[in-house]
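Fold and geometry: a report
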Amino acid sequence: MKSVQELKELRERSLVKVALREKEEEYVLARAGKTPIYYTVLYCAGTGCTASGSADIGAELVKSCEAHGIAGNVSVVKTGCFGLCQKGPIVAVYPDEIFYNHIQVSDVERIVTDHLIGGVVCDDLQMTDIDPETKETIFDINKIKFYEKQRRIALRHCGKLNPEDIYEYIAVDGYQALGKALTEMTPQEIIDVMKASGLRGRGGAGFPTGVKWQFEKDQPGNEKYVICNADEGDPGAFMDRSILEGDPHAIIEGMAIMAYAVGAHKGYVYIRAEYPIAVNRLRIALDQARELGFLGKNIFDSKFDFDIEIRLGAGAFVCGEETALIASIEGKRGMPSPKPPFPAVAGVWGKPTSINNVETLANVAQIINKGAEWYASIGTEKSKGTKVFALGGNIVNTGLVEVPMGTTLREIVFDIGGGCPNGKKFKAVQTGGPSGGCLTERELDTPIDYENLIAAGSMMGSGGMIVLDEDNCMVDVAKFYMEFICDESCGKCSPCRIGTKRLLEMLTKITEGEGTMEMLDEMEELCAEIKDTALCGLGQTAPNPILSTLKNFREEYEAHILQKKCPAGVCKKLLSYHINPEKCKKCSLCARNCPVNCISGVPGKEPYHIDQSKCIKCGTCIAACRFAAVERK
């Protein structure tokens, strides 16, 4: 791309691709019968919906439109994640702004004939909500509770554009920020804007982005690098993956602006190989950006050269730590190194390097386009902008959520997430993944930002948010995260390599009824030592899930130790199954379904009985019994 003027002309031509998705004057005329109606039908092609067959849905939409002779009036477009993953596969019809959920291939013909041809919305397929006050059905997608309180900045294009078409990105001001940065701003002016915006790293640490860029810019030498950290490893986290699947050009543009600001000419995207859709779309986007001149030599005739290379990671959680990530890019084993020197001084290949994660970079172009004041007006005093969370666990509305900093946990869990399903009682929310902690009902009104979550005993992390209900055992939750940490520890330092294994051993004994009260004190002491002495962030934060559950749910630990009982009924070795003879109907259903034949009795004559020495405590008998005769104790 040689000039900003060429980009503006290209944008005007590209607008045709996305204009029909908005309710414009032409649409009003079409509804009045004066012109043909043109539809854009977007179907989710993110990982979740793809796994549920959305590609077949897209193909069937094309086939059906062609069969009915309306292919010229309907544009079928693949797009990224709409956010509400629990409702997938999702199909959206524009400019009507009708969202259909849980769509199957068999539903496509009705959507085409009833909606696209007949103009009649398929209400039974439509995504709806219930007004809590009037109890009336809400059809307006913008008023559905899941979306109503969100403010999408990093996710602004996900679910709205074809991620494999650069012209659609250009039509919505794509690469305008890069053109502005290269032709109207100095590197220092860009960094000053980033500082004034208050943008902090969304990868977990929350370090000010502009300050990080300043550190690298101030280093001497001409060989510098920038890295996008897309090595998203937290259990249940999929924020970065979804952004790359739905809006890869935003990351390319953000990296190019970062590179210009710090004086780098080469960038790496370090992404885990387990993200094949994201990797493929990123490769397509890179090729398109090079073809149009947004990457390569003399971008915008500015004498600035920059290109990006993809490096695939093997899925090691520790490679999310920046020095381990750098080692992996260099072809070494992904293990952290002591700091200082920090990467801004000596990073990849020993040269100054800035590393930002996907979500951080997704904000950069908008800040350049709209200004620091705009971004700084969103959020809290110390945490500006929005944050994307992957909302999962025992929650009605699982999916991606982007909210302004300062939104409370209660708003996310209950207003956006819909609370716990099946009338279960909320118990805790785990934020920050393996590095975070569990927060209870007492902390639900905490405004979310970096400082508040740390003060409450957890942390922001990269944005995983797992909701737990009354059926979750908090000792088992702590054990799950410690198993994960033990598997993912690189083993370089003794506190993490050995200390986390000792913690896991004690947790295992407690869940198996072999724990002692002294173990609780031992675990707390060991947690403190690991936090103080581990080499990198993985080890230093590894004890957090244990410390937070000990603080908030100590009575559950004590029940496991003193009463040899798991209050939530999760820890198998502390459970036993019995058949209440007064409730037993002698029907033999439990015995017929038992996988190990440990249930005996005479059909129609005597109650059934479970042989405790053979029972594997799988719970099949409870599920099979229709009369609640099988009881768990």
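Here, every reference points to the structure presented above.
Regarding the side chain of histidine 249
- Note that histidine 249 resides in helix H12 (residues 248-262).
- A relative accessible area of 3% means that histidine 249 is categorised as buried.
- Once residues lying within four places of it in the same chain are set aside, the contact partners of histidine 249 are Pro163, Ile166, Tyr169, Tyr175, Ala285, Gln288 and Ala289.

Observations regarding the nonpolar core
- Counting 75 residues, the largest nonpolar core has Tyr175, Ile190 and Phe306 as its most contacted members.
- No other element matches H12, which puts 11 residues into this core.
- With near-sequence residues (within four places) excluded, isoleucine 190 lies in contact with Ala181, Met185, Trp213, Ile257, Tyr260, Ala261 and Ile368.

Considerations on the packing of aromatic side chains
- With the rule as written, the count across this model stands at 14 aromatic pairs.
- Residues tyrosine 169 and tyrosine 175 carry aromatic rings whose centres are separated by 5.3 Å and whose planes lie at 80° to one another, so their mutual orientation is edge-to-face. Across this residue pair, the class does not change: tyrosine 169 and tyrosine 175 are buried.
- Relative to phenylalanine 300, the ring of phenylalanine 294 has its centre 6.0 Å away and its plane inclined at 50°; by these criteria the two rings are tilted.
- What makes phenylalanine 294 buried here is its relative accessible area of 0%.

What to know about the sheet that holds strand S2 (residues 74-79)
- As summarised here, the arrangement of the 4 strands in space is S2-S1-S3-S4, forming an open sheet in which the pairing is mixed. Two strands bound the open sheet, and with one partner strand each, they are S2 and strand S4 (98-100). Taken pair by pair, the neighbouring strands of this sheet meet at an average axis angle of 20°, ignoring direction.
- Summarising the sheet, strand S1 (residues 39-44) and strand S3 (residues 91-94) pair through 4 bridges and their orientation is antiparallel. Residue pairing across strands places leucine 42 opposite alanine 92, the latter belonging to S3.

Calculation rules
Residues numbered from 1 in each chain as written. Predicted model: local features only at pLDDT ≥ 70, side-chain atom pairs only at ≥ 80, totals over all residues. Heavy atoms only, no water. Helix = DSSP H or I, 4+ residues; strand = E, 2+ residues; numbered from the N terminus. Buried < 20%, exposed > 50% of the residue type's maximum accessible area, 1.4 Å probe, protein only. Contact = heavy atoms within 4.5 Å. Core = buried A, V, L, I, M, F, W, Y, C linked by side-chain atoms within 4.5 Å. Phe/Tyr/Trp six-rings, centres within 6.5 Å; stacked < 30°, edge-to-face > 60°. Pairing = 2+ DSSP bridges. Axes fitted to C-alpha atoms, helices over the stretch in contact; angles between N-to-C directions.

Structural measurements only, silent on function.
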